[in-house]
Amino acid sequence: QVQLVESGGGLVQAGGSLRLSCAASRPIFTMNPVGWYRQAPGNQRELVATITRGGYTNYADSVQGRFTISRDNAKNTVYLQMNSLKAEDTAVYYCNAKDYSTSYWGQGTQVTVSS
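Residues numbered from 1 in each chain as written. Predicted model: local features only at pLDDT ≥ 70, side-chain atom pairs only at ≥ 80, totals over all residues. Heavy atoms only, no water.

Peer 1: Describe in detail the overall build of the protein chain, supporting the description with residues and values.
Peer 2: Looking only at helices and strands, the protein chain has 0 helices and 11 strands in total. Taken from N to C terminus, the helices and strands of the protein chain fall in the order β-β-β-β-β-β-β-β-β-β-β. On C-alpha atoms alone, the protein chain measures out to a radius of gyration of 13 Å, which is about the 13 Å that the 2.2 N^0.38 rule sets for 115 residues. In terms of overall dimensions, the protein chain has a C-alpha envelope of 40 × 25 × 25 Å along the principal axes. When each of the 115 residues of the protein chain is scored for burial, the buried share is 43%. Across the protein chain, the fraction of contacts at a sequence separation of at least 24, relative to all contacts at a separation of at least 6, is 53%. If you sum the accessible surface of the protein chain, you get close to 5,900 Å²; carbon and sulfur atoms cover 48% of it. Charged side chains of the protein chain number 10 positive and 7 negative; the gap between the two group centres comes to 5 Å. (Helix = DSSP H or I, 4+ residues; strand = E, 2+ residues; numbered from the N terminus. Rg over C-alpha atoms; globule rule 2.2 N^0.38 Å. Buried < 20%, exposed > 50% of the residue type's maximum accessible area, 1.4 Å probe, protein only. Contact = heavy atoms within 4.5 Å. Areas by Shrake-Rupley, 256 points an atom, 1.4 Å probe, with all protein chains shown as cover. Lys, Arg positive; Asp, Glu negative; His and termini not counted. Charge placed at Lys NZ, Arg CZ, Asp CG, Glu CD.)

Written as structure tokens, this is what we have:
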């Protein structure tokens, strides 16, 4: 079992920045990949960004160039730096970690961008 705890969400004006953190209850280098997803009201959960054990990153087209995912193995933490935020980035953001066939989710953190 893995517990994932997100933090860093909040209310920000369009054009602003936030950094989300996801702290894992066990070493994140044992999980591959780890990443962030989001779900806006009435929408399906969608991929935002992932990072592999080897550091390979993948981003949704909608956030490419604005968001940066990173991981600190020593702190068992994954980050999502979000810059140039837009109203359409408003959603609940979820941390995800995969361990072979098992997928773990955090409880989510709300990000609201006012226009």
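Still more to cover.
Peer 1: Could you give an account of the environment of Lys86, with specific residues and numbers?
Peer 2: Looking at the element boundaries, Lys86 is found in the loop between strand S8 (77–82) and strand S9 (91–99). Taking the C-alpha atoms as reference points, Lys86 and Gly35, 51 residues apart in sequence, are found 20 Å from one another. Dropping the residues within four chain positions of it, Lys86 is found in contact with Arg66 and Val113.

Peer 1: Run through the packing of aromatic side chains, naming residues and quoting values.
Peer 2: A full pass over the atoms with the stated rule returns 2 aromatic pairs. The interplanar angle of 70° and the centroid separation of 5.1 Å between the aromatic rings of Tyr37 and Trp105 together place this pair among those described as edge-to-face. Here Trp105 lies in strand S10 (residues 102–105) and Tyr37 lies in strand S4 (residues 34–39), a separation of 68 residues in the sequence. Ring plane angle 85° and centroid distance 6.5 Å describe the contact between Tyr94 and Trp105, whose orientation is recorded as edge-to-face. Of the two residues, Tyr94 sits in strand S9 while Trp105 sits in strand S10, which places them 11 residues apart along the sequence. Using a relative accessible area of 36% as the deciding quantity, one classes Trp105 as partly exposed. Pairwise contacts between aromatic rings join Tyr37, Tyr94 and Trp105 into one cluster. (Phe/Tyr/Trp six-rings, centres within 6.5 Å; stacked < 30°, edge-to-face > 60°.)

Peer 1: Can you lay out the pairing of strand S11 (residues 109–114) for me, pointing to particular residues and giving the numbers?
Peer 2: Side chains of S11 alternate between two faces, with Thr109, Val111 and Val113 buried and Gln110, Thr112 and Ser114 left unburied. Relative to S11, strand S2 (residues 10–13) is paired through 4 bridges, and the arrangement is parallel. Across the sheet, residue Val12 finds its bridge partner in S11, namely Val113. Where S9 meets S11, 3 bridges bridge the pair, whose relative direction is antiparallel. In the sheet register, Tyr93 faces S11, and the bridge partner there is Thr109. (Pairing = 2+ DSSP bridges.)

Geometric values such as these leave the question of function open.
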